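Below are the chains, spelled out letter by letter.
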Amino acid sequence: RLFEHRDISYWEFFENDMGILFSKEFLFTLIKYYLTFKEILVKHDIKVAYLTSFTNFYDLSLLGAVYKLDKKVVYSSHGYTRGTVGTWKFLKNVLFAAGGGEHMMDLLRSGVKKEKIVETGFPFLDEIAHYRVEKVSGAKKTVALLTTTVVESKFIVKEKYFKLIHESGNDLIIPRG
C-alpha cells in the first residue's frame, strides 16, 4: 500500500530502484559520506557550507552533517536555473542566495521566509556583459543565451521562451570576420 495512491499501484516505477537504494553498497556510501563530512566540519571548525544543489547523495550527506552540527548552509542554484526549493525551506540553517529581485520573489512565493534570503546578483552574467560590451562596438544590448531547463521544469511555456529569444535576437549585433 506504500506505493499506491487512489487505489492505483505505482510499485512498477520504484521496483528497480529499491534494489539499489537499499543495497549495502549504496547505504554504506551514503553513511560514509555523511560521517566524513561531519568529521571534516568539526576538525576544521567550518561554520558555513556552500551548496549549488540538493539533488544527489553527496550534497544531501553534507546537508545532513551541517544540519546535525547546527551549522549554516548557503544554497545558490547553479547557473541561472532557479528551480524549486521543496522542503529545504523548512530547515532552520539554510540561507538562500537570490540572483535578483525576480528570483527573490520566486523564493518568497515558494514559501521561503524573507529573512532566509540574501540577494547576491548573478556575477557570472556581469562578466559576460563586460566581455560583450568591450568586444563589439555599437552594441545596443547584451543578450546571454543560457542553457537551462526552464521549459522542461515548467517555469515558462515553450512558446513564451522562444518568443523571448526571438525578440532578443532582433537587437543583436553579430560580429563578422
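Residues numbered from 1 in each chain as written. Predicted model: local features only at pLDDT ≥ 70, side-chain atom pairs only at ≥ 80, totals over all residues. Heavy atoms only, no water.

## Thoughts on the side chain of Asn-93
Then step 1. Turning to its location among the elements, Asn-93 is positioned in the loop between strand S4 (72-75) and strand S5 (94-98).
Then step 2. Among the polar contacts listed, one links the side chain of Asn-93 to the backbone oxygen of Lys-71, at a separation of 2.9 Å. (Helix = DSSP H or I, 4+ residues; strand = E, 2+ residues; numbered from the N terminus. Polar contact = N/O pair within 3.5 Å; in protein donor to acceptor, adjacent residues only side chain to side chain.)

## A word on the packing of aromatic side chains
Then step 1. Going through the model one piece at a time under the given rule, you end up with 10 aromatic pairs.
Then step 2. Seen in terms of ring centroids, Tyr-33 and Tyr-58 are 5.8 Å apart; in terms of plane orientation they differ by 85 degrees. Their pairing is edge-to-face. Here Tyr-33, found in helix H2 (residues 24-43), pairs with Tyr-58, found in helix H3 (residues 57-68); they are 25 residues apart in sequence, far enough to count as distant.
Then step 3. Tyr-58 gets classed as partly exposed once you look at its relative accessible area, which sits at 45%.
Then step 4. Ring centres of Phe-37 and Tyr-58 lie 5.2 Å apart, and the angle between their planes is 75 degrees; this geometry places the pair in the edge-to-face category. Highlighted residues: Phe-37 in helix H2 and Tyr-58 in helix H3, separated in sequence by 21 residues.
Then step 5. By way of ring pairs, the aromatic residues Phe-26, Tyr-33, Phe-37, Phe-57 and Tyr-58 are connected into one cluster. (Phe/Tyr/Trp six-rings, centres within 6.5 Å; stacked < 30°, edge-to-face > 60°. Buried < 20%, exposed > 50% of the residue type's maximum accessible area, 1.4 Å probe, protein only.)

## Comments concerning a nonpolar patch on the surface
Then step 1. On the surface, Ile-8, Tyr-10, Trp-11, Phe-13 and Phe-14 cluster together into a nonpolar patch covering about 490 Å² of accessible area.
Then step 2. Looking at where Ile-8 falls in the secondary structure, it is placed in strand S2 (residues 8-9).
Then step 3. Relative accessible area serves as the criterion here: at 45%, Ile-8 is assigned to the partly exposed category. (Patch = residues over 30% accessible without salt bridge, like charges linked within 9 Å, V, L, I, M, F, W, Y side chains within 5 Å. Areas by Shrake-Rupley, 256 points an atom, 1.4 Å probe, with all protein chains shown as cover. Salt bridge = Lys/Arg side-chain N within 4 Å of Asp/Glu carboxyl O.)

## Focus: the sheet that holds S5
Then step 1. The 4 strands lie next to each other as S3-S4-S5-S6, forming an open sheet whose pairing is parallel. Strands with a single pairing partner mark the edges of an open sheet, and in this sheet they are strand S3 (48-51) and strand S6 (117-119). In this sheet, adjacent strand axes meet at a mean angle of 25 degrees when their direction is disregarded.
Then step 2. Strand direction decides the pairing type here: S3 and S4, joined by 4 bridges, are parallel. If you follow Val-48 over to S4, its bridge partner there is Lys-72.
Then step 3. The sheet strands contacting H3 are S3, S4 and S5, and the helix crosses S3 at an angle near 155 degrees. (Pairing = 2+ DSSP bridges. Axes fitted to C-alpha atoms, helices over the stretch in contact; angles between N-to-C directions. Contact = heavy atoms within 4.5 Å.)

## So, the nonpolar core
Where a protein is soluble and globular, its nonpolar side chains tend to be buried together.
Then step 1. By size, the foremost hydrophobic cluster in this structure holds 19 residues, and its most contacted members are Phe-54, Leu-62, Leu-63, Val-73 and Val-94.
Then step 2. Elements represented by at least two residues in this core include exactly H2, S3, H3, S4, S5 and helix H4 (101-109).
Then step 3. No other element matches H3, which puts 4 residues into this core. (Core = buried A, V, L, I, M, F, W, Y, C linked by side-chain atoms within 4.5 Å.)

## Here's the deal with the pairing of S3
Then step 1. What you see with S3 is a clean split: Ala-49 and Leu-51 sit on the buried side and Val-48 and Tyr-50 on the side with no burial.
Then step 2. Of the crossover connections in this fold, the one passing from S3 over H3 to the parallel S4 is right-handed. (Right-handed = clockwise from strand over helix to strand, strands pointing away.)

## Let's talk about the packing of H2 against H3
Then step 1. Interaxial distance between H2 and H3 falls to 8 Å at its minimum, and their mutual angle equals 45 degrees. For the element pair H2 / H3, the angle class is oblique. When you trace H2 past H3, the crossing you get is right-handed. Residue-level inspection shows Phe-26, Thr-29, Leu-30, Tyr-33, Tyr-34, Phe-37, Lys-38 and Leu-41 of H2 in contact with H3, the latter providing Phe-57, Tyr-58, Ser-61, Leu-62, Gly-64, Ala-65, Val-66 and Lys-68.
Then step 2. Taken together, the residues of the contact of H2 with H3 break down into 11 nonpolar, 3 polar and 2 charged. (Parallel < 35°, antiparallel > 145°, perpendicular 65-115°, else oblique. Left-handed = near helix turned anticlockwise from the far one by under 90°. Nonpolar A, V, L, I, M, F, W, Y, C, P; charged D, E, K, R; others polar.)

## Notes on the side chain of Lys-71
Then step 1. Inspection of the secondary structure puts Lys-71 in the loop between H3 and S4.
Then step 2. Buried Lys-71, no salt bridge; nearest opposite-charge side chain is Asp-45, N-O distance 4.2 Å.
Then step 3. Within the local environment of Lys-71, its side chain forms a polar contact with the backbone oxygen of Ile-46, the two atoms lying 2.9 Å apart. (Lys, Arg positive; Asp, Glu negative; His and termini not counted.)

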